[in-house]
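What follows is each chain in one-letter form.
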Amino acid sequence: MKTLDFGTQLIEIRNAKGLTQEELAEKCNISARTIQRIESGKVQPRAYTIKVISEALGFDFFGDKVSLTETLKESKSLKLNNSSILWYVQDLFNLKTNTMKKVSILTTLCLIVGVSLISFKSEIKAQGSKKDKTFSYSEIENNNPRDWNGRIQVVFTSEQTFENLVFIKNRLKEQGITLTYKEVKFDDKDKLESINYSVDCSDGFKGSYAINQLNSVNQNKRIGFYRDYSESTKTPFFIGNLKKVIVIDAGHGGVDPGNISDEIKEKDIVLKIAEKVKKIYKESDFEILITRTSDDFISLGNRVSYINNLSPELVISLHTHVVNNANTNGFNFFVSRDGKFQEQSNTLASKMISNLEVNFKVNEIKNANFVILKNINCPGVLIELGNMMNPEDKNLLLTEKGQNKIAEEIVKTIKYLD
C-alpha cells in the first residue's frame, strides 16, 4: 500500500462497512477531525493510528507490505488484533504508514529487555489496570499543547508494558520532548518494577528521576513528570512523585459562548467559578487543574485528550442551563450511561448531591452521553449550576458572593470525597 493511497482506501473501506466518519472515530476513540484530515490527505497517520483503525474496521491496511513490513512478512503468526512484534518494530521506528522516519532507539538496555520479553512470549498483551491508569497519550488536534496552554503529563505505573514505554517515548518526541530510559526493569509477570529516566523539554526545562518497587510498595504512587504551558502556572515543570489530580472542566469558551441570558454568557460564569475552586482548594494531596484558564475555545476532543493525559481521579464539568420557565431552578447532575466508569460516576454524583443539597436545590441525577463524560478514563459528572432565567439561580451565578458560595461548597464536597 502506498502512503498516498491510505486516505482513499480508508474512505472505501469505511463506506463499505457503512460507517460515518463520526462513528469510526468513536470506535477508534480518536477525534472525527483526525479521521477527516487523514481521508483528505492533510496528514499521514502513525503506525499506531493505522493499527487502531485497522482493528476497528477489521481490515489489515498493512496487507500490501513494503519497506520494513516486507522484511517481516515471513512472520505468519502475527495477528492484527494482538500486540505483536510487528507493532513493536513499527513503533520503535516511529513509522508513518510505509515511510520510515529517523530511527529512534529507546536505549540499549530497554531494547534488550523488550527483546528478552518477546523471546519468552510471542505476543505481549497490552495491560491496563481496572481504573485504566495506564498512560495513554491521546491525539492532540493542534499537535502542540502550548498552542492552547495545555499540559503534557506522563504517569508511570506497574501496569505498563514495553510497548507502552515505546509509545510514550515516540509521542513525546513529536511534541519536542526527549524522554530517555536509563534503566528499566520488569518482573516475572511483565510488570514494570523499576525505572530510571530523564526528560529534556528542549526549552530549558529538564530533569531525571528513578524509583524501584513500582509493582509493590510504591504501586500507589504517581511517578512521572509534566511540562505545563499554561501562562498562569506556578510550576511549569515537575519530575518525580506527582500529586493526584482532580480536573474541573470549565465548559464552552471562545467562539462558543454556551447559554446566554441578558447578554450574560455561560462560558464566563463557569470559568470564574472553576478558577475560584482552584484558588480556594488548599489540600496538599490533590491538585486541581482546569481545562481552560482563559476565554479560549478548546474542542471536546482536545478536552478529552487533555483530561486523559493527566490520569485524574475524577472530573467535574461545570455548566449552566436556560429554561424559560422561571420556576425551574436548581443544580442538575449528569453522568454517562455508556461511560467506562458509570457506576463510579453515579456514586460520585450521589456523594456530591448529599453535600450540596444542604445549601442548594439539587435535582435528580440524569443520564446523558456527553462527549467528555463518555470518553474520559475516570469517574466524572457534569453539573448545571442553575437556570440563568430563574431569579434565585441568577443571583447565585452572577454575583461575586454567589459564585464564591458555589465554589466553596464544591471544594467542601471534593474534600469529603478525599
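Residues numbered from 1 in each chain as written. Predicted model: local features only at pLDDT ≥ 70, side-chain atom pairs only at ≥ 80, totals over all residues. Heavy atoms only, no water.

### Here we look at the overall build of the protein chain
For step 1, the next point in the chain: When helices and strands are tallied, the protein chain shows 14 helices and 14 strands.
For step 2, the next point in the chain: Each of the 418 residues in the protein chain was classed as buried or not, and the buried ones make up 52%.
For step 3, the next point in the chain: Of all intrachain contacts in the protein chain linking residues separated by at least 6 positions in sequence, the fraction that spans at least 24 positions is 70%.
For step 4, the next point in the chain: Summed over its atoms, the accessible surface of the protein chain is roughly 19,100 Å², and 48% of this surface lies on carbon and sulfur atoms. (Helix = DSSP H or I, 4+ residues; strand = E, 2+ residues; numbered from the N terminus. Buried < 20%, exposed > 50% of the residue type's maximum accessible area, 1.4 Å probe, protein only. Contact = heavy atoms within 4.5 Å. Areas by Shrake-Rupley, 256 points an atom, 1.4 Å probe, with all protein chains shown as cover.)

### A few points about the pattern of salt bridges
For step 1, the next point in the chain: For the coordinates displayed, the defined rule picks out 15 salt bridges.
For step 2, the next point in the chain: A salt bridge links K185 to E193, with the shortest nitrogen-to-oxygen separation between them at 4.0 Å.
For step 3, the next point in the chain: We note a salt bridge from D262 to K394, for which the minimum N-O separation is 2.3 Å. With D262 in the loop between β8 (260-261) and β9 (264-265) and K394 in helix α13 (residues 391-398), this pair connects stretches of sequence that are 132 residues apart.
For step 4, the next point in the chain: A residue is classified by how much of its surface remains accessible, and D262, at 61% relative accessible area, is exposed.
For step 5, the next point in the chain: Taking the relative accessible area as the measure of exposure, K394 reaches 23% and is therefore partly exposed. (Salt bridge = Lys/Arg side-chain N within 4 Å of Asp/Glu carboxyl O.)

### Structural notes on the layout of surface pockets
For step 1, the next point in the chain: As a volume, the second largest pocket reaches approximately 770 Å³.
For step 2, the next point in the chain: Taken together, 29 residues line the second largest pocket, and the ones lying closest to its centre are K234, K278, E287, I288 and L289.
For step 3, the next point in the chain: Of all the elements in the fold, those that place two or more residues in the lining of the second largest pocket are β1 (151-156), β5 (222-228), β6 (237-242), α9 (266-280) and β10 (286-290).
For step 4, the next point in the chain: Among the elements that make up the lining of the second largest pocket, the one with the highest residue count is β10 (five residues).
For step 5, the next point in the chain: Looking at side-chain class alone, the lining of the second largest pocket contains 10 nonpolar, nine polar and 10 charged residues. (1 Å grid on protein atoms, 1.4 Å probe; cavity = no way out; pocket = protein on both sides within 12 Å on 5 of 7 lines; lining within 4 Å. Points joined across faces, edges and corners; volume = space filled by probe spheres on them. Nonpolar A, V, L, I, M, F, W, Y, C, P; charged D, E, K, R; others polar.)

### Points about the packing of aromatic side chains
For step 1, the next point in the chain: Summed over all chains, the structure comprises seven aromatic pairs.
For step 2, the next point in the chain: Aromatic pair Y226 and F238: ring centres 6.1 Å apart, planes at 25°, arrangement stacked. Taken together, the residues Y226 in strand β5 and F238 in strand β6 connect sequence positions 12 residues apart.
For step 3, the next point in the chain: Accessibility expressed as a relative area gives 32% for F238, which makes it partly exposed.
For step 4, the next point in the chain: Following the ring pairs from residue to residue traces out a cluster consisting of F156, Y181, Y197 and Y209. (Phe/Tyr/Trp six-rings, centres within 6.5 Å; stacked < 30°, edge-to-face > 60°.)

### A word on the environment of K374
For step 1, the next point in the chain: Checked against the element boundaries, K374 lands in helix α12 (residues 371-375).
For step 2, the next point in the chain: Taking the C-alpha atoms as reference points, K374 and F341, 33 residues apart in sequence, are found 8.8 Å from one another.
For step 3, the next point in the chain: Apart from the residues lying within four places of it in its own chain, the contact partners of K374 are E26, S336, D338, G339 and N369.

### Regarding the sheet that holds β5
For step 1, the next point in the chain: In spatial order, the strands read β1-β5-β6; together these three strands make up an open sheet with antiparallel pairing. A strand with exactly one partner marks an edge of an open sheet, and here the two such strands are β1 and β6. Adjacent strand axes in the sheet meet at a mean angle of 15° when their direction is disregarded.
For step 2, the next point in the chain: By the bridge criterion, six bridges tie β5 to β6 in an arrangement that is antiparallel. Directly across from F225, in β6, lies its bridge partner I239. (Pairing = 2+ DSSP bridges. Axes fitted to C-alpha atoms, helices over the stretch in contact; angles between N-to-C directions.)

### Some thoughts on the confidence of the model for the protein chain
The predicted coordinates should not be examined in detail at positions where pLDDT is low.
For step 1, the next point in the chain: Averaged over every residue, the pLDDT of the protein chain is 79; the share at 70 or more is 78%.
For step 2, the next point in the chain: Scored below 50 in pLDDT, residues 115-143 makes 84 contacts in the model with residues more than four places away or belonging to other chains. (pLDDT = per-residue confidence, 0-100.)

### Topic: the sheet that holds strand β2 (residues 178-186)
For step 1, the next point in the chain: Pairing is antiparallel in the open sheet, where three strands are placed in the order β2-β3-β4. Looking at strand neighbours, the two that pair on one side only are β2 and β4 (206-211), the edges of this open sheet. For this sheet the average axis-to-axis angle between neighbouring strands, irrespective of direction, equals 10°.
For step 2, the next point in the chain: Across the sheet, helix α8 (residues 162-174) lies against β2 and β3 (192-200), angled at about 170° from β2, the strand it touches most.

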